[in-house]
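# Observations on chain architecture
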Amino acid sequence: MFELLGIPPQALFGQLLLGLINGSFYAILSLGLAVIFGLLNIINFTHGAQYMMGAFVAWMCLNYLGVNYWAALLLAPVIVGFTGVVIERLFLSRIAHLDHLYGLLLTFGLALIIQGLFRNQYGSSGLPYQIPDALRGGYNLGFMFLPTYRAWVVVASIAVCLATWFMIEKTKLGAYLRAATENATLTQAFGINVPLLVTLTYGFGVALAAFAGVLAAPIYSVNPNMGADLIIVVFAVVVIGGMGSIMGAIVTGFSLGLVEGLTKVFYPEASATVIFIIMVLVLLVKPAGLFGRAA
Amino acid sequence: MADVLPADGSVTHAAAERDTASLHRNVMIGIAIALVIAPFVAYPVFVMKVLCFALFALAFNLLLGYGGLLSFGHAAYFGMASYVCAYAAKHWGLNPEFAILAGTGVAAILGLVFGSLAIRRQGIYFAMITLALAQMVFFFSLQTPRFTGGEDGIQAVPRGKLFGMINLADDRTLYWVVALIFMAGLLAFYRIIHSPFGQVCKAIRDNEPRAISLGYRANQYKLAVFVLSAMLAGLAGSTKAIVFQLASLTDVHWSMSGEVVLMTLVGGLGTIFGPIVGALVIVSMQNFLATLGAWVTVIQGVIFVLCVLLFREGILGVIAKWIKKPL
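None of the values given here were measured: they were computed from a predicted structure.

## Notes on the overall build of chain B
Of regular secondary structure, chain B possesses 14 helices and two strands. A globule of 327 residues ought to have a C-alpha radius of gyration of about 20 Å, and chain B, at 19 Å, matches this closely. When its C-alpha atoms are laid out on the principal axes, chain B stretches across 55 × 45 × 40 Å. At a minimum sequence separation of 6, the contacts of chain B that also span at least 24 residues come to 77%.

## Some thoughts on the UniProt feature "transmembrane region" (unreviewed entry) in chain A
Residue and element names in this part refer to chain A. Within this numbering scheme, the UniProt entry marks residues 12-37, 72-92, 101-118, 149-168, 189-219, 231-259 and 266-285 as carrying the feature "transmembrane region" (unreviewed entry). Note that residues 149-168 is 100% helix and 0% strand, and that its end C-alpha atoms are spaced 28 Å apart. Measuring from the first to the last C-alpha atom of residues 189-219 gives 47 Å, for a span that is 77% helix and 0% strand.

## Digging into the packing of helix H3 (residues 75-91) of chain B against helix H5 (residues 123-143) of chain B
Residue and element names in this part refer to chain B. It is at 9 Å that the axes of H3 and H5 come closest, and there the two elements cross at 25°. Between H3 and H5, the crossing angle belongs to the class labelled roughly parallel. Both H3 and H5 take part in a crossing whose hand is left-handed. Between H3 and H5, the residues in contact are Ala 75, Ala 76, Gly 79, Met 80 and Tyr 83 and Leu 133, Ala 134, Val 137 and Ser 141, respectively. Per-class residue counts for the contact of H3 with H5 are seven nonpolar, two polar and no charged.

## Section: the interface of chain B and chain A
Counting from both sides, the interface comprises 36 residues of chain B and, opposite them, 36 residues of chain A. At the level of elements, H5, helix H11 (254-267) and helix H13 (295-310) of chain B are the ones that each hand at least two residues to the side of chain B that touches chain A. In terms of residue class, the side of chain B that touches chain A is made up of 25 nonpolar, eight polar and three charged.

About the criteria used
- Residues numbered from 1 in each chain as written.
- Chains lettered and ligands numbered in written order.
- Predicted model: local features only at pLDDT ≥ 70, side-chain atom pairs only at ≥ 80, totals over all residues.
- Helix = DSSP H or I, 4+ residues; strand = E, 2+ residues; numbered from the N terminus.
- Rg over C-alpha atoms; globule rule 2.2 N^0.38 Å.
- Contact = placed C-beta atoms within 7 Å.
- UniProt positions renumbered as here; feature names shortened; annotations may be inferred.
- Axes fitted to C-alpha atoms, helices over the stretch in contact; angles between N-to-C directions.
- Parallel < 35°, antiparallel > 145°, perpendicular 65-115°, else oblique.
- Left-handed = near helix turned anticlockwise from the far one by under 90°.
- Nonpolar A, V, L, I, M, F, W, Y, C, P; charged D, E, K, R; others polar.

Pasting the structure below:
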């Protein structure tokens, strides 16, 4: 076997794949945050908890109802997205007229409640979730072993990201959404139901988080704390990419995952902090973020 | 935050201002008297805990209430100061006053570095950046067990002898020192927000473009108030390390940053004395509910939600409205 810079290719590509998977989650989650921020002007701190809820709903579907992975992949985002709709109607719509920092505080409180409730019910040691039969095993690519499930996660994430991009940038519904993001009052004056659009957008952003949670369930164990630390990394990703562009969020998410994977190979000690360090560098060089519009 | 905070610069009438000043003086005297009585009616360690967190919340509120900047990473300064103080007292054998100074100094330097990065962005991004930077400090603390003791933290920190003479091992003796530190912190805070510097900070908070057009370098003022806030948080963290003889990962965790936000929110954002009341309420609540485990998190979350939805002025904000004077 050949070696690259003294690193066996198995380890290198293995970590790159893992990085790509983390990047998928960063991309989907920061995409959801960006969509929500665009229309609601709040940073959804509950996003990490909703990602965790996605994984838990999939686990519950399997263990309580016997619903398999494929159905859960559809069902969990719908269910969690619906709880998002309820949260938007009950809480967020009431504080929409206030300073957006209150939105941050409110969603932080909701995240504490959700995570606390799940921790009380399921403990914090984590629950296993089996990889579905169709995605077991893997392919030997010669230079590395590619587990089928991991390949599936990357493909499914890219597909969902591109579908979201297409929907927002190329369809009529997306045009309404972009119009409302630009100027909500004027859009409403044209007869578009903006409050409904806001509710659905929040529900959709939350559903994206839940989808990422279902994808993550078989890789990481289903754990009440799985979203808590992840969301902070995703915040850093959002600061790096800026929330102005949908494609920007996707590209930033995947690339940072890859960078993190590479760091794990070459300097493992820094792998937990590398994204924060990149954030610092970006703030120094281009404070508005790589794809951001100057505030 | 401009539209949500009480515009305490709005009272222009000289008599009313004198009135407010004398009210504040009376409140300060009241706090001082309460501090003298407290150790005789309550458990001193509990009161010291409240005082440390009250100082921490004051520091946070200095930045939010008077700089208009919501930091979601204040645990970084609190926790890092706590580590440095504990390390200096235990491994270098420094006297407590120097250990506390070391912790506070490091927090100020950290504040200078993080502050100069975070003020490059505004509003919601500022909150996310401070949170991310604090998480970096958390990982640093987790990965350098030789300095921080890793999961165990730095335990059995000696309280030592103040100025090499006064033995602080006794809770009552230590209490008076902590009470003095707290009072000094409170007076410094009050002095800062009523100085010309504090007035300019408020002007920037309320209307940054206008302040800039008047010739103030807004970013320098923001950075200065950030450093002062980090320093005060560091003082609180260092004092906490001496009181509990412990510095641990809890102090640098994001949930600590959330707690200080909650204290300030409950007490009243942008009020002078609100954070003290908030700290008292939240620390008492944690003490009474300690046996409930993870439910404490849920209850804190519920308080967050209720405060934001129904009780945005906080306890002292409501009282200030009744008596029609800023508190």
